[in-house]
Amino acid sequence: MSGVMFAVLSTLCYSLSYVVLRRGQSEAAITDAGLLPVLIVSTLLLDGFWLINYLTHQQMLLSVLHAPLSSFLYSLLSGILGTFLGRYFLYRAIAAVGATRGIIVKSLSPIFTMAIAFLWLREQPDIGQLVGIGLIGLSIGLLFHEQKIKPLRGMTWSFFTSGMSLAFFAATFQGIGHSARKLAVLHNFPSLTAAAMDCTVATIVYFLVRLIYPPLQNHWSSYPWRQTGAYFATAGFLSAVGILFFFAASQNIPISTVAAISGAEPLLVTLFSILFLSQLESFSAYSVFAACLGTLGILTIAIGPHLFP
């Protein structure tokens, strides 16, 4: 399977996971916005798949043992920044302003990823990428204009508490974390191993944080498992597949291309939300147009070399 196809499938899985997550969040007031079960399910799936894979293909374990230390360190970094912190803020943003608007602001994530790719990995920008970045910025500006004329739940102007700023923080951490994913698999480090390490360290960090404040028991007891269990388990499964495919894509094509393809999430989430969350999401011409603009920006980035040779 090509790197582009891996990136497309990863984007599809992530988009569906956000919509299913939002459905689970709507069932009850949950203290951590669904992060706990999603991390647990994703980690169990990836670690289980890793164990089965290396028990049946022991020669692949040798490639892991001979991998450079940097591959392990970047896998850990991507788990802490992209998966734990990125999702911590993103899931709260989705709970505050809905899946559609949260993901539109989170579409800034590919811009952070591309910035690192240009400055650190020495990938060369082109005119299409610059035009695409401008379109993404315009889409987010539309959401702020919408807030001015029609204030929405969770979209306050308090920078550190508003759903919009939470999505911005998520974009920052995920953009950096996604760049670390590329660096993790740069020397043919197995994508399955990197994905399992990423998710495992994110879950471990979550538990360590919850041992300090606030107690883990408070989060666990806040879940009405009968009503929400199936939603969060499905979101965890889709998330695990999305992570694995993202690493696989990063191993085969430039991370700036992977980031550009993942920027289609706003439009996909909007479409899925219209289909499955019509009673939960508040749609307007501004939010739909913003999603289209953001996706157009990402497409411009992806096909820029052909549009502006």
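The following refers to the structure shown. Predicted model only: the values in this text are computed from it and were never measured. (Residues numbered from 1 in each chain as written. Predicted model: local features only at pLDDT ≥ 70, side-chain atom pairs only at ≥ 80, totals over all residues. Heavy atoms only, no water.)

**Re the overall build of the protein**
Along the backbone of the protein there are 14 helices and zero strands. Put simply, the protein runs from its N terminus to its C terminus through helices and strands in the order α-α-α-α-α-α-α-α-α-α-α-α-α-α. A total of 309 residues make up the protein; the buried ones form 55% of that total. Entry remark: accessible area of the protein is about 13,400 Å², with carbon and sulfur atoms responsible for 72%. (Helix = DSSP H or I, 4+ residues; strand = E, 2+ residues; numbered from the N terminus. Buried < 20%, exposed > 50% of the residue type's maximum accessible area, 1.4 Å probe, protein only. Areas by Shrake-Rupley, 256 points an atom, 1.4 Å probe, with all protein chains shown as cover.)

**So, helix 2 (residues 35-56)**
Taking 1.5 Å of rise per residue, the 22 residues of helix 2 would be expected to cover 32 Å, and the 32 Å separating its terminal C-alpha atoms lies within 8% of that figure. Buried within helix 2 we find Leu35, Leu36, Pro37, Val38, Leu39, Ser42, Thr43, Leu46, Asn53 and Tyr54. (Expected span 1.5 Å × (residues − 1).)

**As for the environment of Cys199**
Position of Cys199 relative to the elements: it lies in helix 9 (residues 191-212). For Cys199, a relative accessible area of 0% corresponds to the buried category. With 41 residues separating them in the primary sequence, Cys199 and Ala240 have C-alpha atoms 8.0 Å apart. Ignoring anything within four residues of it in the chain, the contact list for Cys199 reads Leu39, Ser42, Thr43, Leu46 and Ile243. (Contact = heavy atoms within 4.5 Å.)

**What to know about the packing of aromatic side chains**
Going through the model one piece at a time under the given rule, you end up with 10 aromatic pairs. On the basis of an interplanar angle of 35° and a centroid distance of 6.5 Å, the ring pair of Phe84 and Tyr88 is categorised as tilted. Here the residue Phe84 and the residue Tyr88 both occupy positions in helix 4 (residues 69-97), the gap between them amounting to four residues, near one helical turn. Residue classification places Tyr88 among the partly exposed positions, given a relative accessible area of 24%. (Phe/Tyr/Trp six-rings, centres within 6.5 Å; stacked < 30°, edge-to-face > 60°.)

**Things to note about the side chain of Asp32**
Note on placement: Asp32 falls in the loop between helix 1 (3-25) and helix 2. Within polar-contact distance, the side chain of Asp32 engages the backbone nitrogen of Leu36 at 3.0 Å. Within the structure, Asp32 has its side chain in polar contact with the side chain of Tyr206 (distance 2.5 Å). (Polar contact = N/O pair within 3.5 Å; in protein donor to acceptor, adjacent residues only side chain to side chain.)

**Quick look at a nonpolar patch on the surface**
On the surface, Ile204, Leu208, Leu211, Ile212 and Tyr213 cluster together into a nonpolar patch covering about 640 Å² of accessible area. Residue placement: Leu211 occurs in helix 9. On the accessibility criterion, Leu211 (68% relative accessible area) is exposed. (Patch = residues over 30% accessible without salt bridge, like charges linked within 9 Å, V, L, I, M, F, W, Y side chains within 5 Å. Salt bridge = Lys/Arg side-chain N within 4 Å of Asp/Glu carboxyl O.)

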